[in-house]
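# Chains, contacts and geometry: an overview
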Amino acid sequence: MFLPVEPWTADEGLASHLERRGVSRRDFLQFCAEMTAILGLSTALTPQIAEALEKSKRPTVIWLQLQECTGCVESVIRTSDPTVGDLLLDIISLDYSHTLMAAAGEAAEKAKQTSMKENFGKYILIVTGSVPTKDGGVYFTSGGRTAQSLLEEAAKGAAAVIALGACAHFGSVQSAKPNPTGAVGIDSIIKDKPVVNIAGCPPIADVVTGTLVHFLTFGRLPDLDGDGRPLFAYGSRIHDQCPRRAKFDAGQFVQVFDDEAARKGWCLYHVGCKGPATFSPCPIFMWNGHTNFPIGAGHPCIGCTERNFWDTMSPFYTRLPDVYGVGVEKFADTLGAALAVGAVAGVAAHAAATGIHQIQSRRAEAAAKGAPGAGGKDNG
Amino acid sequence: MAKTKVVVDPITRIEGHLRIEAQAENGKISDAWASSTQFRGIELVMQGRDPRDAWAFTQRICGVCTVVHAVASCRAVEDALGITIPQNANIIRNLVHGMQFIQDHVIHFYHLHALDWVDVVSALSADPKDSAAIAAKISPWPKNSVTYFAETQQRLKTFVAGGQLGIFTNGYWGHPAYKLPPAVNLIAVAHYLEALDWQRDVIRLHTIFGGKNPHPNFLVGGMASAINLDNDATINAVRLAEIQGMITRARTFVEQVYIPDLLAIAGFYKEWASIGGGTPNFMSVGEFPEGGIKDIDKLYFPRGIILNKDLTKVHPYDHAGVTEGITSSWYSYSGGDKAMLHPYEGETKPNYTGPTPPWEFLQGLDKYTWMKAPRYNGLPMQVGPLSRMLVAYASGHKEVQENVNMVLKTLGVGPAALFSTLGRTAARGIETLLLAGRMQAWFDQLVARIKSGDTKTFDSSKWEPSTWPKNAKGYGWLDAPRGSLGHWVIIENEKIKNYQCVVPSTWNCSPRDGKGVMGPYEAALTDNHPLVDPTRPLEILRTIHSFDPCMACGVHVIDVKGDLLAEVKVQ
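Everything quoted here is computed from the prediction, not taken from an experiment. (Residues numbered from 1 in each chain as written. Chains lettered and ligands numbered in written order. Predicted model: local features only at pLDDT ≥ 70, side-chain atom pairs only at ≥ 80, totals over all residues.)

## Examining the overall build of chain A
The test is simple: Numbering of helices and strands starts at the N terminus; helices are DSSP runs of H or I of at least 4 residues and strands are runs of E of at least 2. The burial label depends on the number of other C-beta atoms within 10 Å of a residue's C-beta. Counts of 20 or more mean buried, 12 or fewer mean exposed, and intermediate counts mean partly exposed, with C-beta atoms placed from the backbone. We call two residues in contact when their backbone-placed C-beta atoms lie within 7 Å.
Across its full length, chain A holds 17 helices and nine strands. Residues counted as buried form 61% of the 380 residues belonging to chain A. Of the contacts made within chain A by residues no fewer than 6 positions apart, 71% connect residues no fewer than 24 positions apart.

Structure follows, in structure tokens:
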């Protein structure tokens, strides 16, 4: 996404660009079909995706890094598919990125200002990191300016705002109790335009890719759940897609790490797995070129795609409120109440529960209207 | 000529948020201030939590050093609770950490540091035949053909012609400090792209053992990835074969691409072997335990301290000598700001006294950063690859001596050249080369142990909190890609009472201490340091990037009073 992996002339569409690069029309259509699948769309829409991508020029992306750890940037540069992934990411022109840009200081700031002016109303704003709101925002400055001021300025001309990763989603680890700097997510600051939350600490790169393709193809953001997360990625619980699900149903549990059950690949629920409470595409998309995912490596899920997971999902090795024996479909509905009882802190748990209930109600609403998928937020 | 005030903020191509201010006079830097402008307070967040969760919280200090805080945290808690991890788990941690080093150093060289030395625009005018001829002389890498370089150049030309320069916008192209011939610039640009593909392949070793990268999973007491050759969900022959492939590809790339490029580029910048030396003391806590965690003499990279650039003596390291001060930092100490506190007594209350944003300058203020000032026996220390290589060299580490001598000979410079900006960059390459070979030895050991029937990866004897003492404290040390790291944990009634980290970039980005002694970034920028054009501060980027800053790591806080403890009750 950031790199001129392949040059792109001003008058060239993606298809001819790819062809020049030695990618056949067939490969390109195959890629479009895969993206259609990732986005959870009907295969009938593949030609529409192909047509949109063929015509598209590289839209500008401004990437702001606020209070964060750079793990989300690292995740995106791990984007998997070596041929097709590169090509897709090449769709954008990354005009501002602390981690990757050549210029520094004033020259970097100038590049950002120029790009935001020239592409006003059209660029995509990606934000990683949270905004510290305590004490006038002194806990983060860049160029002597606060995170809030930088964010508000950049959001003004953005066509869409993508909050990438747990920090931008809700503040992540620095917002865990007692939240020393008053860190908040992007949608707590930007209220006048759609904010997509690409949840996860960090998120899987493919979800970012899919969101961008959706925006470029359909001219709007994908449908979101009640917490602003794209349904094509966060529509299912890990538990519902987990390759170890059959072990859960059969009552085959790891009791302590590296026991006989662990060596047979049994379910990690008793050692704290938060898969039953976590909406995330990990078991489907997998990580790092479809190599594996946390449960596949024998470690319980810590629930990192859920708002406030540092408080609501910890201690990480303590199992969720007793849900064994509860019907799985019923589970999502009862989870909120169970968590709220279990958490002394309370507030965070309510947020998580609310998120799930919102998803449920959105879906019910969508089903009632006969609309395909869940309506989610206003998608602009 | 009058002094010019220089500000570079943001310093890009680093992890996190760093501001450098300087004064320039007659083409040289006369004074410098390093300022960290982000604060998150993660250690405060950790009070009252389950110590077994600590690795996950501290791991999020940094997503670039995504292994190091997790492992240091596990070691601290294991030290506190008296847990000995199985040797298989130790080897797996070495493999995971080793691949972190290799991948991180290569990314640093090509994607964070190279553009300080490589003029991308100049590559447009190269003759690809020259690039191929030069590359053939320095490396057997099979892709270095005329066609390969011609194709890269054509891509670059079309890209530039398209008018959307993306991340290359406003680079300091054409700056007189760029010295590489066009053909070498083109080689570097081609390998910049090549390294992007390479890194996402080899890092999958983390995904096999830890489930994902960034932020793979760890476990107090060992590793969660069970070994069973006869199961499809565990470490088995298929997984081992994948890992072997990555180790081989990592080594090939380091030997045939990274090191040849590093030496070729360094050959054009030998003047940087007398620039930017700075702080003359070097510290390594050592890394890659090949015996037990207490067998300090069995560390692959040894532990020790070099003082005043004197390579004839290696001084012992004892963590009791570590203290932190805050005279230049936005914190206060209850016993007065001049105190120097050991991490077990560590105390931090954020106390911002800087100007109200937006502001223009910090220079001249007594306090100017969120970074504390760590000192060892009262002295500032450089940490990182150069420190490790110097300590190993002076300790008589044969492989290190051979490789350091090879690099010095290739460049035609003496040992004094190591104490410089170029020295830091070269040392990073040398240790990557060593580790790329050592990974194979560790992997072979793991396979041999599995073959002998030992598949244990976790010690469960102290897993249950009921087995823990009421009070415990532990120290977890680790030498990370960017240098020496320490985690200190105090556990009381099964919960974290106090947690403190002293991190590589805290050492290197340290501000002035109570005696006015500069930290390593500041000292390096004022040591025979050029700055030809204050509006295009390319030289500052070279020296700062030679340290590979990781700012999110460097800033942390703990409130020893624990008055927030009561609020941190979860579930």
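## Considering the domain arrangement of chain A
Residues and elements named next belong to chain A. Test applied: Boundaries of every domain are those given by an automatic assignment or by a domain database. Amino acids are sorted into nonpolar (Ala, Val, Leu, Ile, Met, Phe, Trp, Tyr, Cys and Pro), charged (Asp, Glu, Lys and Arg) and polar (every other residue, Gly among them).
Each assigned domain of chain A is listed with its residue range as follows: domain 1 (14–222) and domain 2 (238–368). Between domain 1 and domain 2, the residue contacts involve 14 residues of the former and 14 residues of the latter. Elements that contribute at least two residues to the side of domain 1 that touches domain 2 include exactly helix 8 (166–170) and helix 10 (205–218). No other element matches the three residues that helix 8 contributes to the side of domain 1 that touches domain 2. Counted by class, the side of domain 1 that touches domain 2 contains eight nonpolar, three polar and three charged residues.

## Thoughts on the sheet that holds strand 1 (residues 60–65) of chain A
All names here are of chain A. Stated formally: Only strands joined by at least two bridges in the DSSP assignment are considered to pair. For helices, the fitted axis covers only the stretch in contact; all axes are lines through C-alpha atoms, and the angles between them, taken along N-to-C directions, range from 0 to 180 degrees.
Spatial ordering of the open sheet is given by 2-1-3-7-9, a layout of five strands whose pairing is parallel. Two strands in the sheet have a free side with no partner beyond their single neighbour: strand 2 (93–96) and strand 9 (195–198). Across this sheet, the average inter-strand angle for adjacent strands is 25 degrees, counted without regard to direction. Docked against the sheet, helix 10 engages strand 3 (123–128), strand 7 (158–164) and strand 9, running at close to 155 degrees with respect to strand 9.

## Regarding the confidence of the model for chain B
All names here are of chain B. Operational definition: In predicted models, pLDDT denotes the confidence assigned by the predictor to each residue on a 0 to 100 scale.
Residues at a pLDDT of 70 or more form 97% of chain B, whose mean pLDDT is 93. In this model, residues 557–571 is a region of pLDDT below 50 whose contacts with residues beyond four sequence positions or in other chains number 46 contacts. Predicted complex metrics record ipTM = 0.93 and pTM = 0.89.

## Re the confidence of the model for chain A
Per-residue confidence for chain A gives a mean pLDDT of 79; residues scoring 70 or more make up 72%. Under a pLDDT of 50 for its full length, residues 1–7 of chain A has, in the predicted model, 26 contacts with residues more than four places off or in other chains.

## Thoughts on the packing of helix 7 (residues 182–202) of chain B against helix 9 (residues 237–266) of chain B
Residues and elements named next belong to chain B. For clarity, the cut-off: The scheme is simple: roughly parallel for angles under 35 degrees, roughly antiparallel for over 145, roughly perpendicular for 65 to 115, oblique for anything else. Each crossing gets its hand from how the near helix is turned against the far one by less than a right angle, where anticlockwise is left-handed and clockwise is right-handed.
With their axes 11 Å apart at the nearest point, helix 7 and helix 9 run at an angle of 160 degrees to one another. One finds that helix 7 runs roughly antiparallel with respect to helix 9. Handedness of the helix 7/helix 9 crossing: left-handed. Contacts from V184, I187, A188, H191, E194, W198, D201 and V202 of helix 7 reach helix 9 at M246, R249, A250, F253, V257, D261, A264 and I265.

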